[in-house]
Amino acid sequence: MPDKILKKSPNTPVADDTVLFSRIVGILEEARSHVVRTVNSTMVVAYWLIGREIIEEEQKGSERADYGKALIEGLSKRLSERYGRGYSAISLWNMRKFYQKYMDRTPAILSPVGKEAGQSKILSPVGKESAPKQYPTGTESATGFHPNLSWSHYRALMRVENDEARQFYEQEAARNSWNKRQLERQINTLLFERLLKSRDKDGVLQLASEGHVPENPIDIIKDPYALEFLDLPESHRLVESDLETALTNHMQEFLLELGDGFAFVSRQRRLTLDGDHFYADLVFYHVRLKCYVIIDLKTEKLTHGDIGQIQMYVHYFDREVCTQEDNPTIGLILCTDKNDAVVEYVFDNDNERIFASRYKLELPPKEELRRLLLEWRSKNEEDNL
């Protein structure tokens, strides 16, 4: 006799597996992320090793100028026949360059590689055992490369010629979980150089080795700010409300430009004094510095009246909004141009927490931007002297 089919009674409660489902999804997503990170780290190390092998073979090979080119092309053809795409001559040249840029790393891998394969499975460092670890803080993993950064990240980093800048971008990309597009954007807008304007030599080295860790209000300020993602024209017809709307519509990109630690609070925050209403354009809270940051937008050259306005906003927040746990409010005016002498004279006692910075809606060529930054930094150093 066939087994009876058990039918649910209409009154039988149906189990709610929503919470269980969410927990299982969380486990699977974390496992997949771990697999991706592991694969990425393994391939990054593999490409570093391939680059090392190519360099060492070139050093042992012919001194003919075309020997390296012939070696790369021959390897590319044979590797592509065995493994398919991903081993073009250009890719192998990139691996070679990768090793050259990061030859101070000491990644641990299954060794030896390519020599007596299969005889040794000991996890050991590559290169000289006495080689010091010179890579930036946060990359001291078994591979010597940060597990959150993929080969695409390192290909972008290799294009940065300055060693300190390259270390800085590596630090920040890992710390802030930048994807490749975000990393390239920060490199192309010269984030490292813009942050250096208020730093001495020791500050440059600290920025390169530790990344951007704000400790004082000046540490979160850039000059200029790059707002090219708004896709707005450089025009005298631009009004402040249009700029404000564009920034709020592109808040994710704007937060990336502002830097780590900013949290959006409000737009057009009303401040009331004896029945008169005033409106702060954009209000943020900086979670590291534990303070409010008020941003006032100007589409023309800064005036002394604009400075008085941001001072009022800052003092209002200190008295009416901040709690005992909050540090003094920071004010930032974003303008198209400014007279530094006027800014310094009017700010006076507030110059450590009220700032004025230029913004650019269309980035000039890289070399021109770098020249402007050097000019501004040189002028600041002369003023300090």
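Each chain carries its own residue numbering, running from 1 in the direction its sequence is written. Owing to the predicted nature of the model, reporting of local features is limited to residues with pLDDT of at least 70; listing and counting of side-chain atom pairs is limited to 80 or more, with chain, interface and lining totals taken over all residues. Think of the side-chain values as coming from all heavy atoms in the structure, minus any hydrogens and water.

Undergrad: What am I meant to see in the pattern of salt bridges here?
TA: Pairing between side chains of opposite charge can happen when the charged atoms of each approach one another. Salt bridge criterion: a side-chain nitrogen from Lys or Arg within 4 Å of a carboxyl oxygen from Asp or Glu. Under the criterion given, the structure shown has 17 salt bridges. With a closest N to O distance of 2.5 Å, Glu257 and Arg194 form a salt bridge. Within this pair, whereas Glu257 is found in helix α10 (residues 251–258), its partner Arg194 is found in helix α7 (residues 191–195), the two being separated by 63 residues in sequence. The exposure class of Glu257 is buried, given its relative accessible area of 0%. Taking the relative accessible area as the measure of exposure, Arg194 reaches 2% and is therefore buried. Of the charged contacts, one joins Asp306 and Lys298 as a salt bridge, the two residues approaching to 3.6 Å between their closest N and O atoms. Each member of the pair, Asp306 together with Lys298, is buried. Several salt bridges share partner residues, and in doing so they unite Arg185, Arg194, Glu228 and Glu257 into one network. Strands here are runs of E lasting at least two residues and helices are runs of H or I lasting at least four, both read from the DSSP assignment and numbered beginning at the N terminus. Only protein chains enter the accessibility calculation, which uses a 1.4 Å probe; a residue whose area is less than 20% of its type maximum is buried, one above 50% is exposed, and one in between is partly exposed.

Undergrad: How should I be thinking about the environment of Asp223 in this particular structure?
TA: Within the secondary structure layout, Asp223 lies in the loop between α8 (201–210) and β3 (225–226). For the pair formed by Asp223 and Arg194, sequence separation is 29 residues and the distance between their alpha carbons is 6.0 Å. Side-chain atoms alone can form a polar contact between residues adjacent in sequence; in general such a contact is a pair of N or O atoms within 3.5 Å, and within protein one must be able to donate a hydrogen while the other accepts it. Engagement of the side chain of Asp223 in a polar contact is seen with the side chain of Lys338, the distance being 3.2 Å. Within the local environment of Asp223, its side chain forms a polar contact with the backbone nitrogen of Arg358, the two atoms lying 3.1 Å apart.

Undergrad: Help me understand the layout of surface pockets in this model?
TA: With a 1 Å grid spanning the protein atoms alone, the term cavity applies to any set of points in which a 1.4 Å probe fits but cannot get out, the term pocket to an open set with protein on both sides within 12 Å along at least five of seven lines, and the term lining residue to any residue with an atom within 4 Å of a point. Grid points are joined across faces, edges and corners, and a volume is the space filled by probe spheres set on the points. What the second largest pocket holds in volume is close to 470 Å³. Surrounding the second largest pocket, 15 residues form its lining, Ile50, Glu53, Leu75, Leu79 and Tyr83 being those nearest its centre. Where the lining of the second largest pocket is concerned, the elements lending two or more residues are α1 (18–60) and α2 (67–83). Amino acids are sorted into nonpolar (Ala, Val, Leu, Ile, Met, Phe, Trp, Tyr, Cys and Pro), charged (Asp, Glu, Lys and Arg) and polar (every other residue, Gly among them). Counted by class, the lining of the second largest pocket contains eight nonpolar, no polar and seven charged residues.

Undergrad: Hey, could you run me through empty space enclosed by the protein in this one?
TA: Any empty space left between the atoms is revealed when a probe the size of a water molecule rolls over them. Applying the stated criterion across every chain yields a total of one cavity of 30 Å³ or more. Among the residues forming the lining of the largest cavity, the class breakdown is five nonpolar, one polar and two charged.

Undergrad: Please clarify how unusual backbone geometry should be interpreted in this entry.
TA: If a residue is not glycine, its phi is most likely negative; likewise, a peptide bond is most likely trans. A cis amide bond links Asp223 to the next residue, Pro224, at an omega of 5 degrees. Relative to the elements of secondary structure, Pro224 occurs in the loop between α8 and β3. Phi is positive for Asp274, which is not a glycine, with a value near 50 degrees. Within the secondary structure layout, Asp274 lies in the loop between β4 (262–273) and β5 (276–286).

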